[in-house]
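# Observations on the model geometry
Each chain, letter by letter, is given below.
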Protein chains: 2
Amino acid sequence: MSTAVSPLAPPDFPEMPVIAGVRLATAAAGIRYKGRTDVLLALLDKGTAVAGVFTKSKCPSAPVEWCRAKLQGGAARALVVNSGNANAFTGKTGKASTALTAQIAAKAVGCSTSDVFLASTGVIGEPLDATKFDGVLAQLAETATPDRWMDAAKAIMTTDTFPKVATATVKLGKAKVTINGMAKGAGMIMPDMATMLSFIFTDAPLSASVLQSLLKAGVEDTFNALTIDGDTSTSDTLLAFATGAAAANGAPKISRAGDPRLKAFTKAFQQILADLSEQVARDGEGARKLVEVVVEGATTKPSARRIAMSIANSPLVKTAIAGEDANWGRVVMAVGKAGEPANRDKLSISFNGIRVAKSGARDPSYNEKEVSEAMKAPKVQIKVALGLGKAKDRVLTCDLTKEYVAINGDYRS
Amino acid sequence: MSTAVSPLAPPDFPEMPVIAGVRLATAAAGIRYKGRTDVLLALLDKGTAVAGVFTKSKCPSAPVEWCRAKLQGGAARALVVNSGNANAFTGKTGKASTALTAQIAAKAVGCSTSDVFLASTGVIGEPLDATKFDGVLAQLAETATPDRWMDAAKAIMTTDTFPKVATATVKLGKAKVTINGMAKGAGMIMPDMATMLSFIFTDAPLSASVLQSLLKAGVEDTFNALTIDGDTSTSDTLLAFATGAAAANGAPKISRAGDPRLKAFTKAFQQILADLSEQVARDGEGARKLVEVVVEGATTKPSARRIAMSIANSPLVKTAIAGEDANWGRVVMAVGKAGEPANRDKLSISFNGIRVAKSGARDPSYNEKEVSEAMKAPKVQIKVALGLGKAKDRVLTCDLTKEYVAINGDYRS
């Protein structure tokens, strides 16, 4: 595993406030490595609503199947996350393992197993020994405190080089409510969902269905507009929890998705998702450049998205960015292979605001030196104007470096 | 560019026989680098039939558009191939450049421009100065000889580390006919078509429509079942030429695709395509392992193909192979993300014949040491049994190494 922190990491972390109704604790349960913090328990007060979106993989992990089933109830009392083992492709053992983990957690917390949510990240295909949680979760339940946000974000990391957190405080009615989020990503990241694991917590009194609507709308242009390597995890999980504790301060209970009082909250919630998903791109395995692909002038937004994803997933485009080479030819290739409406002779392409190609050929004003200089920036924007319609879209990715190959060439060993 | 020959290169090259009606010559025209052989002229006798299949890119190169238009005539007298510049995304200049090249060639050969076929490979987005062919093609037309097959295969290389040729001699009726083929590949390779450039020549007297049928059927399980990096070139071109010269030795003229006399020829033709496409996989940029992905037990063949391609294009699977790691978890991921029918709990996965996963979990007989040993082989077969139906398919690819990133991170500079 890589040890150096990504050069694209944010310069500092936000102060993470307490969320009434949420307590956190972490431990080293020896899931894969001895002495490494690998379990997070989040305790949620009674009345907490839950919503979630998951990988679209046809071979989802056992915890994903568990959460999907338990979402029906809409209520949560505990979240157990482990790193080191994804409990994916583990057959009947995997299913038994989730059930046992939930039993241990439910006993520790004093709730029903239906109110326990699970997420696992790490190696696929290895049985997860849930007995390792025995004792550990009970101890965590006793020692959990409301302030351990950074510890929690660190506990869920695998090949991540920095913990990913975001926070916002916003008015709901006349009361202040808070949203905290954390994520882990790094590799095997492509919609849908993009990040492997992300958890959002708020004290706003939202019903489960409101929370679900916010999530569904929120991921479209954030986590689902993000790709590291085009590989969709079996475990991608984004869960949101609303404790409702802010009702005590006068925050109104919201049970309808279109409620106008939700406006500021919705914006802040969306911003948290955008912030976390950008952090995941900034910590793509081996990443040295954050890459924003903007496609405009498309016939439809889904068409713009597919072209943007074709560019963002192209190994040739990504290696060119790693080499600080404004190789617009490869961008043309990626537009062409997307299979979406495109007219070669109407295409214009810019790198970091400098137009290099226009009307299907090199821009007459092209200046190699100027472009080369611009490509040295840590963030590279590739903008493609298709010249066909008015739709646009944007996705985030990172470059493809030798470090990506090194990280993934000996991950299991 | 990489200079070392791929460790997966064939140990030797076949003796390439003469094909009556075909003469070859190469030169250094200074298209991109001075003193490097970068032009091939193939002279074809009167009566030569031609067929072709091309990239499905929505932004094809100017030579691809030229060839598509000229195929209507079904007759060829000259093929001009240059490396160094793909004449793709070059706008009106590109179109003018193909017309000028064809004019120069037609004058040199003494034929109509409609009988001139063109292919260009190399950098995209740079104008191709066709005046560089002036004089050069006339000289090549004068000096062309029937025996320069290896020179020709070398002239069309870009980042290839070895020239790719194949030959077969087979009976058509009672006469011997010969098929010679060459290809160049290396990167930006994914159906449809897989290789950037490939040319097949035969002295068999086949009509253009027969040749087109043979090509169309032949690429399906060869060039279209091949991927290096999932990136489809703007320039992919496979042309086949039949001089008909073997008619003088008594070979029957074939003008119907289903003609039973074609049986042996069809098999040999298909074998040439299979041979060349495998050589392209063996020379994938930075490749250290040839990877064969076999998917069986699928509901349909297209479904098996899509799952096989999802595995073959997964950066995580490809880097695992580079690391000699039988990481079946990543194979499960790639099956899951394909979006095709798959049941996690019925999946079995083998590496080089050793079953590592069975019924959706690790094979009870799994022996890490035995598998690790098997992964050291230069060819790795990944076999996935879906357990759903009877359809199967197979694709070829290579591993993803740091050298791929190095080759593509500074290609233009």
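Residues numbered from 1 in each chain as written. Chains lettered and ligands numbered in written order. Predicted model: local features only at pLDDT ≥ 70, side-chain atom pairs only at ≥ 80, totals over all residues. Heavy atoms only, no water.

## Details of the packing of helix H5 (residues 208-220) of chain A against helix H6 (residues 263-282) of chain A
Residues and elements named next belong to chain A. For clarity, the cut-off: The axes are straight lines fitted to the C-alpha atoms, using for helices just the contacting stretch, and the angles between their N-to-C directions are given from 0 to 180°. The way it works is that DSSP assigns letters per residue, a run of H or I at least four long becomes a helix, a run of E at least two long becomes a strand, and they are numbered from the N terminus. Reported orientations rely on four angle classes, namely roughly parallel under 35 degrees, roughly antiparallel over 145, roughly perpendicular from 65 to 115, and oblique for the rest. Should the near helix be turned counterclockwise from the far one by less than a right angle, the crossing is left-handed, whereas a clockwise turn marks it as right-handed. Any two residues whose heavy atoms approach within 4.5 Å at even a single point are treated as in contact. All residues other than Ala, Val, Leu, Ile, Met, Phe, Trp, Tyr, Cys, Pro, Asp, Glu, Lys and Arg, Gly among them, are scored as polar; the first ten of these are nonpolar and the last four charged.
Viewed as axis vectors pointing N to C, H5 and H6 meet at an angle of 50 degrees, and their least axial separation amounts to 10 Å. Taken together, H5 and H6 sit at an angle that is classed as oblique. The handedness of the crossing between H5 and H6 is right-handed. Each of Leu211, Leu214, Leu215, Ala217, Gly218 and Val219 in H5 lies in contact with H6, whose residues at this interface are Phe265, Thr266, Phe269, Gln270 and Leu273. A class-by-class count of the residues in the contact of H5 with H6 yields 8 nonpolar, 3 polar and no charged.

## Overview of the nonpolar core
Basically, it comes down to this: We define the nonpolar core as a collection of buried residues of types Ala, Val, Leu, Ile, Met, Phe, Trp, Tyr and Cys that are connected through side-chain atoms lying within 4.5 Å of one another. Relative accessibility thresholds used throughout: buried, under 20% of the residue-type maximum; exposed, over 50%; partly exposed, between the two (1.4 Å probe, protein chains only).
Formed by 92 residues in total, the largest nonpolar core has its most connected members in Ile311, Phe351 and Ile382 of chain A together with Ile311 and Phe351 of chain B. When sequence neighbours within four positions are dropped, the list of residues in contact with Phe351 of chain B reads Ile321, Ala326, Asn327, Trp328, Val331, Val356, Met375, Val380, Gln381 and Ile382 of chain B.

## Overview of the sheet that holds strand E7 (residues 175-184) of chain B
Residue and element names in this part refer to chain B. Spelled out, the test is: Two strands pair if DSSP finds at least two bridges between them.
With mixed pairing, 5 strands are arranged side by side in an open sheet as E3-E9-E8-E7-E6. In this open sheet, the two strands that pair with only one neighbour each are strand E3 (49-54) and strand E6 (164-172). Within the sheet, the average angular offset between the axes of one strand and its neighbour, ignoring direction, is 15 degrees. In terms of strand pairing, E6 meets E7 through 9 bridges, oriented antiparallel. Residue pairing across strands places Thr169 opposite Thr178, the latter belonging to E7. The sheet strands contacting helix H5 (residues 208-219) are E3 and strand E9 (237-242), and the helix crosses E3 at an angle near 30 degrees.

## Thoughts on helix H8 (residues 315-322) of chain B
All names here are of chain B. The buried count for H8 comes to 7 of 8 residues, which makes it a mostly enclosed element. Burial in H8 covers these residues: Pro315, Leu316, Val317, Lys318, Thr319, Ala320 and Ile321. Backbone geometry just after H8 places Glu324 at a positive phi near 55 degrees.

## Some details on the domain arrangement of chain A
Residues and elements named next belong to chain A. For clarity, the cut-off: Here the limits of each domain have been adopted from an automatic or database domain assignment. When two parts are put together, the accessible area they lose, computed with a 1.4 Å probe and summed over both, is reported as buried area.
Taken domain by domain, chain A consists of domain 1 (22-282) and domain 2 (290-409). Distance from the C-alpha centre of domain 1 to the C-alpha centre of domain 2: 33 Å. Tallying the contact residues gives 15 residues for domain 1 and 15 residues for domain 2. Approximately 1,200 Å² of surface area, both sides summed, lies buried where domain 1 meets domain 2, with 54% of it carried by carbon and sulfur atoms.

## Some words on unusual backbone geometry
All names here are of chain A. Positioned with a positive phi, Asn87 is a non-glycine residue whose angle comes to about 50 degrees. With respect to the helices and strands, Asn87 occurs in the loop between strand E4 (78-85) and helix H2 (91-109). Looking at Asn87, the relative accessible area reads 2%, which means it is buried. The residue Ser359 is not glycine, and still its phi comes out positive at about 50 degrees.

## Let's talk about the pattern of salt bridges
Note the cut-off: For salt bridges, the criterion is a side-chain nitrogen of Lys or Arg within 4 Å of an Asp or Glu carboxyl oxygen.
Under the defined criterion, the tally for this structure stands at 40 salt bridges over all chains. Note that Asp259 of chain B is salt-bridged to Arg261 of chain B, the shortest N-O span being 2.8 Å. On the basis of relative accessible area, Asp259 of chain B is assigned to the buried category, the value being 10%. A cluster of three or more residues bridged by salt bridges with shared partners is formed by Glu220, Asp221, Lys301, Arg305 and Asp393 of chain A.

## Describing the packing of helix H11 (residues 402-409) of chain A against H8 of chain B
Look at H11 of chain A against H8 of chain B: their axes get within 8 Å of each other, and the N-to-C directions meet at 70 degrees. Taken together, H11 of chain A and H8 of chain B sit at an angle that is classed as roughly perpendicular. Across from Tyr404, Val405, Asn408 and Gly409 of chain A in H11 of chain A, the residues of H8 of chain B making contact are Pro315, Leu316, Thr319 and Ala320 of chain B. Of the residues in the contact of H11 of chain A with H8 of chain B, the class split is 5 nonpolar, 3 polar and no charged.

## Quick word on the sheet that holds strand E12 (residues 354-358) of chain B
Residues and elements named next belong to chain B. The mixed open sheet is built from 6 strands, whose spatial order is E13-E12-E11-E14-E10-E15. Strands with a single pairing partner mark the edges of an open sheet, and in this sheet they are strand E13 (361-362) and strand E15 (391-398). For strand E11 (residues 348-351) and strand E14 (residues 379-385), the ladder comprises 4 bridges, and the chain directions are antiparallel. Paired with Ser350 across the strands is Lys383, a residue of E14. Each of strand E10 (290-298) and E15 touches helix H6 (residues 263-282); the most contacted strand, E15, lies at about 50 degrees to it.

## Some remarks on the layout of surface pockets
Let me state the cut-off plainly: Only protein atoms enter the calculation, which uses a 1 Å grid: trapped sets of points that fit a 1.4 Å probe without letting it out are cavities, open sets showing protein on both sides within 12 Å along at least five of seven lines are pockets, and any residue with an atom within 4 Å of a point is a lining residue. Grid points are joined across faces, edges and corners, and a volume is the space filled by probe spheres set on the points.
Taken as a whole, the second largest pocket holds about 280 Å³ of empty space. As for the second largest pocket, its lining consists of 17 residues, of which Arg344 of chain A together with Glu65, Gly91, Lys92 and Lys95 of chain B are closest to the centre. The dominant element in the lining of the second largest pocket, judged by the number of residues it contributes, is helix H2 (residues 91-109) of chain B, at 7 residues. Per-class residue counts for the lining of the second largest pocket are 5 nonpolar, 6 polar and 6 charged.

## Some thoughts on the packing of aromatic side chains
The following threshold applies: Pairing of aromatic rings covers Phe, Tyr and Trp, the last counted by its six-membered ring, and requires centre-to-centre distances within 6.5 Å; plane angles under 30 degrees mean stacked, over 60 mean edge-to-face, and any other angle means tilted.
Under the definition given, this model contains 10 aromatic pairs over all chains. Seen from their ring centres, Phe201 of chain B and Phe241 of chain B are 5.3 Å apart, and the 20 degrees between their planes marks the pair as stacked. Of the two residues, Phe201 of chain B sits in strand E8 (residues 197-202) while Phe241 of chain B sits in strand E9, which places them 40 residues apart along the sequence. Pairing Phe265 of chain B with Phe269 of chain B gives two aromatic rings, centres 6.1 Å apart and planes at 25 degrees, and the pair type is stacked. Residue Phe265 of chain B and its partner Phe269 of chain B are both found in helix H6; the two are separated by 4 residues, about one turn of the helix. By way of ring pairs, the aromatic residues Phe117, Trp149, Phe201 and Phe241 of chain A are connected into one cluster.

## Considerations on the side chain of Ser83 of chain A
All names here are of chain A. Note the cut-off: Residues adjacent in sequence count toward polar contacts only when both atoms are side-chain atoms; beyond that, a polar contact is any pair of N or O atoms within 3.5 Å, and within protein one must be able to donate a hydrogen and the other to accept it.
Note on placement: Ser83 falls in strand E4. Taking relative accessible area as the criterion, Ser83 reaches 2% and is therefore assigned buried. At 3.2 Å, the side chain of Ser83 forms a polar contact with the backbone oxygen of Ala155. Once residues lying within four places of it in the same chain are set aside, the contact partners of Ser83 are Ile31, Thr37, Asp38, Thr121, Ala155, Ile156, Met157 and Thr158.

## Observations concerning the interface of chain A and chain B
Counting residues at the interface gives 63 residues for chain A and 63 residues for chain B. Viewed at the interface, chain B and chain A are joined by 4 salt bridges. A salt bridge links Glu126 of chain A to Arg362 of chain B; its shortest N-O distance comes to 2.7 Å. At the junction of chain A with chain B, the criterion picks out 12 residue pairs in polar contact (both at pLDDT 80 or more). Broken down by secondary-structure element, the contributors of at least two residues to the side of chain A that touches chain B are helix H1 (62-70), helix H8 (315-322), helix H9 (328-337), strand E13 (361-362) and H11 of chain A. If you tally residues by element for the side of chain A that touches chain B, the top one is H9 of chain A, at 8 residues. A per-class count over the side of chain A that touches chain B returns 26 nonpolar, 20 polar and 17 charged.

## A few points about the relation of the copies chain A and chain B
Threshold: Only residues with pLDDT of at least 70 in both copies contribute their C-alpha atoms to the least-squares superposition of the copies.
Aligned on chain B, chain A shows an RMSD of 0.0 Å; the corresponding rotation is 180 degrees and the shift along the axis is 0.0 Å. Within this description, the copies of the chain are treated as partners about a two-fold rotation axis. For chain A, the smallest separation between a C-alpha atom and the rotation axis is recorded for Lys402 of chain A, amounting to 2.4 Å. Looking at the interface residues of chain A, 100% of them are also at the interface in chain B, so both copies use one shared face.

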